[in-house]
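This is what each chain is made of:
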Amino acid sequence: MITLAVVVVASYLVGAVPWSLLIVRWVKGIDLRTVGSGNLGATNTFRVLGAPGGLVVLALDIGKGFVAPAAIARLRIEALPVPGDVLALTAGLAAILGHMFPVYTRF
């Protein structure tokens, strides 16, 4: 049985994936936090990799905020005492918090 805590943690972990850091490290072999503005975001990725890399990171960042709530909403978890819409919104909020405070980069 899937619990609300599992949904929240899984959504947070999906949202916390630092695509900009991973892609810049893969393409250029550098840590994005040490160049440009030092921010892990699509704008700094645009500065370092140009438009193609920046657009890829932007799409992936938007996608991770969409995937968690959409996947949860499709599960239609009836065992939970929470309506599907509320569950999807909770998953989306957890993904946003993961994006803002990623555990993978020590928050």
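These numbers were taken from a predicted model, which means no experiment stands behind them.

**A word on the pattern of salt bridges**
Per the stated rule, a full pass over the model turns up 3 salt bridges. Where Arg-25 meets Asp-31, a salt bridge forms, and the shortest distance between an N and an O atom there is 3.9 Å. Arg-25 gets classed as partly exposed once you look at its relative accessible area, which sits at 42%. For Asp-61, the salt bridge goes to Lys-64, with nearest N and O atoms at 3.4 Å. On the criterion of helical spacing, the pair formed by Asp-61 and Lys-64 is a turn pair, its members being 3 residues apart in helix 4 (residues 51–75). Of the two residues examined, Asp-61 and Lys-64, each falls in the buried class. It is possible to trace a salt-bridge network through shared partners that takes in Arg-25, Asp-31 and Arg-33.

**As for the packing of helix 2 (residues 19–28) against helix 3 (residues 42–49)**
Relative orientation of the contacting elements helix 2 and helix 3 amounts to 10°, with a least axis distance of 10 Å. On the basis of their axis angle, the class for helix 2 and helix 3 is roughly parallel. Where helix 2 abuts helix 3, its residues Ser-20, Ile-23, Val-24, Val-27 and Lys-28 lie against Thr-45, Val-48 and Leu-49. Looking at side-chain class alone, the contact of helix 2 with helix 3 contains 5 nonpolar, 2 polar and 1 charged residues.

**Quick notes on helix 3**
For helix 3, the complete set of buried residues consists of Ala-42, Asn-44, Thr-45 and Val-48. Buried residues of helix 3, viewed axially, fall in a sector of 155°; they line one side. Those residues of helix 3 that are exposed and aimed more than 90 degrees away from the buried face are Thr-43 and Arg-47. One or two residues past the end of helix 3 sits Gly-50, with phi positive at roughly 90°.

**Regarding a nonpolar patch on the surface**
Together, Val-9, Leu-13, Leu-93, Ile-96, Leu-97, Met-100, Phe-101, Val-103, Tyr-104 and Phe-107 line one region of the surface with nonpolar side chains, adding up to about 960 Å² of accessible area. Counting only elements with at least two residues in the nonpolar patch, the list comes to helix 1 (4–15) and helix 5 (84–100). By residue number, the principal contributor to the nonpolar patch is helix 5, which donates 4 residues. Relative to the elements of secondary structure, Met-100 occurs in helix 5.

Conventions used here
Residues numbered from 1 in each chain as written. Predicted model: local features only at pLDDT ≥ 70, side-chain atom pairs only at ≥ 80, totals over all residues. Heavy atoms only, no water. Salt bridge = Lys/Arg side-chain N within 4 Å of Asp/Glu carboxyl O. Buried < 20%, exposed > 50% of the residue type's maximum accessible area, 1.4 Å probe, protein only. Helix = DSSP H or I, 4+ residues; strand = E, 2+ residues; numbered from the N terminus. Axes fitted to C-alpha atoms, helices over the stretch in contact; angles between N-to-C directions. Parallel < 35°, antiparallel > 145°, perpendicular 65-115°, else oblique. Contact = heavy atoms within 4.5 Å. Nonpolar A, V, L, I, M, F, W, Y, C, P; charged D, E, K, R; others polar. Arc of directions from axis to C-beta. Patch = residues over 30% accessible without salt bridge, like charges linked within 9 Å, V, L, I, M, F, W, Y side chains within 5 Å. Areas by Shrake-Rupley, 256 points an atom, 1.4 Å probe, with all protein chains shown as cover.

Nothing here speaks to function; it is geometry throughout.
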